[in-house]
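Tertiary structure, described
So the chains spell out like this:
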Amino acid sequence: QLQASGGGLVQAGGSLRLSCAAPGSIVSINRMAWYRQPRGKKRELVATITSGGSTNYADSVKGRFTISRDNTKNTVYLQMNSLKPEDTAVYYCNADLRLVGRVFEENYWGQGTLVTVSS
């Protein structure tokens, strides 16, 4: 349901911007988030943003990553600066949203986008 894009290969110290759109007929989107999963490791929470714009970050990315959203486009972004090799992972977007025709919010995942940071 969610479509993520923007991953790629970047050198350490560089920047990337990830985007994730929720297409289709959306009634409302509550919490949106980015997770990441390094190869061979568990998926971990990177950042969250509420419908009101409140944000939270993992300690490992504070001061380097910024999560934002455009409610008019049903899209969440992750601006990643000062990238490090340890940021290498598949990044997944996640959202709690309600589709037209549904009574309750449901949780959806994007397909993942690979970010590789070379040293």
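Notes on the structure in this doc start here. (Residues numbered from 1 in each chain as written. Predicted model: local features only at pLDDT ≥ 70, side-chain atom pairs only at ≥ 80, totals over all residues. Heavy atoms only, no water.)

1. Thoughts on the sheet that holds strand β3 (residues 16-21)
Strands sit in the order β1-β3-β8-β7 across an open sheet of 4 strands; the sheet is antiparallel. Across the chains shown, the open sheet's two edge strands, defined by having one partner strand only, are β1 (3-5) and β7 (65-70). Looking at each pair of strands side by side, their axes are set apart by 15° on average, direction ignored. Here β7 pairs with strand β8 (residues 75-80) via 6 bridges, running antiparallel. Looking across to β8, one finds that aspartate 70 is bridged to threonine 75. (Pairing = 2+ DSSP bridges. Helix = DSSP H or I, 4+ residues; strand = E, 2+ residues; numbered from the N terminus. Axes fitted to C-alpha atoms, helices over the stretch in contact; angles between N-to-C directions.)

2. Points about the side chain of arginine 64
When you line up the elements, arginine 64 lands in the loop between β6 (55-57) and β7. Only 2.9 Å separates the side chain of arginine 64 from the backbone oxygen of serine 60, close enough to count as a polar contact. Each residue touching arginine 64, except ones within four places of it in the same chain, is listed here: Gln79, Met80, Asn81, Ser82, Leu83, Lys84 and Asp87. (Polar contact = N/O pair within 3.5 Å; in protein donor to acceptor, adjacent residues only side chain to side chain. Contact = heavy atoms within 4.5 Å.)

3. Concerning the nonpolar core
Core analysis: the largest hydrophobic core is formed by 30 residues, its most contacted members being Trp34, Leu78, Met80, Tyr91 and Leu97. Listed by contribution, the elements that provide at least two residues to this core are β3, β4 (26-37), β5 (44-49), β7, β8, β9 (89-99) and β11 (113-118). For this core, the element with the highest residue contribution is β9, accounting for 6 residues. Once residues within four sequence positions are removed from consideration, leucine 97 is found in contact with Leu2, Ala22, Ile26, Ser28, Ile29, Phe104, Glu105, Glu106 and Tyr108. (Core = buried A, V, L, I, M, F, W, Y, C linked by side-chain atoms within 4.5 Å. Buried < 20%, exposed > 50% of the residue type's maximum accessible area, 1.4 Å probe, protein only.)

4. Some points on unusual backbone geometry
With a phi angle near 50°, asparagine 74 is a residue other than glycine that sits in the positive phi range. One non-glycine residue, serine 82, lies in the positive phi region at around 50°. Tracing the backbone shows serine 82 in the loop between β8 and β9. By relative accessible area, serine 82 is classed as partly exposed at 40%.

5. Some details on the packing of aromatic side chains
The full count for this structure, using the stated rule, is 2 aromatic pairs. Here the aromatic rings of tyrosine 92 and tryptophan 109 are separated by 6.4 Å at their centres, their planes lie at 85°, and the arrangement is edge-to-face. Placement of the pair is tyrosine 92 in strand β9 and tryptophan 109 in strand β10 (residues 106-109), with a sequence separation of 17 residues. Overall, tyrosine 92 belongs to the buried group, its relative accessible area being 15%. For tryptophan 109, a relative accessible area of 35% puts it in the partly exposed group. These aromatic residues form a ring-pair network of at least three members: Tyr35, Tyr92 and Trp109. Taking NZ or CZ as reference, arginine 43 lies 3.7 Å from the ring centre of tyrosine 92, over its face. The aromatic ring of tryptophan 109 is capped on one face by arginine 43, whose charged end is 4.6 Å from the ring centroid. (Phe/Tyr/Trp six-rings, centres within 6.5 Å; stacked < 30°, edge-to-face > 60°. Lys NZ or Arg CZ within 6 Å of the ring centre and 35° of its normal.)

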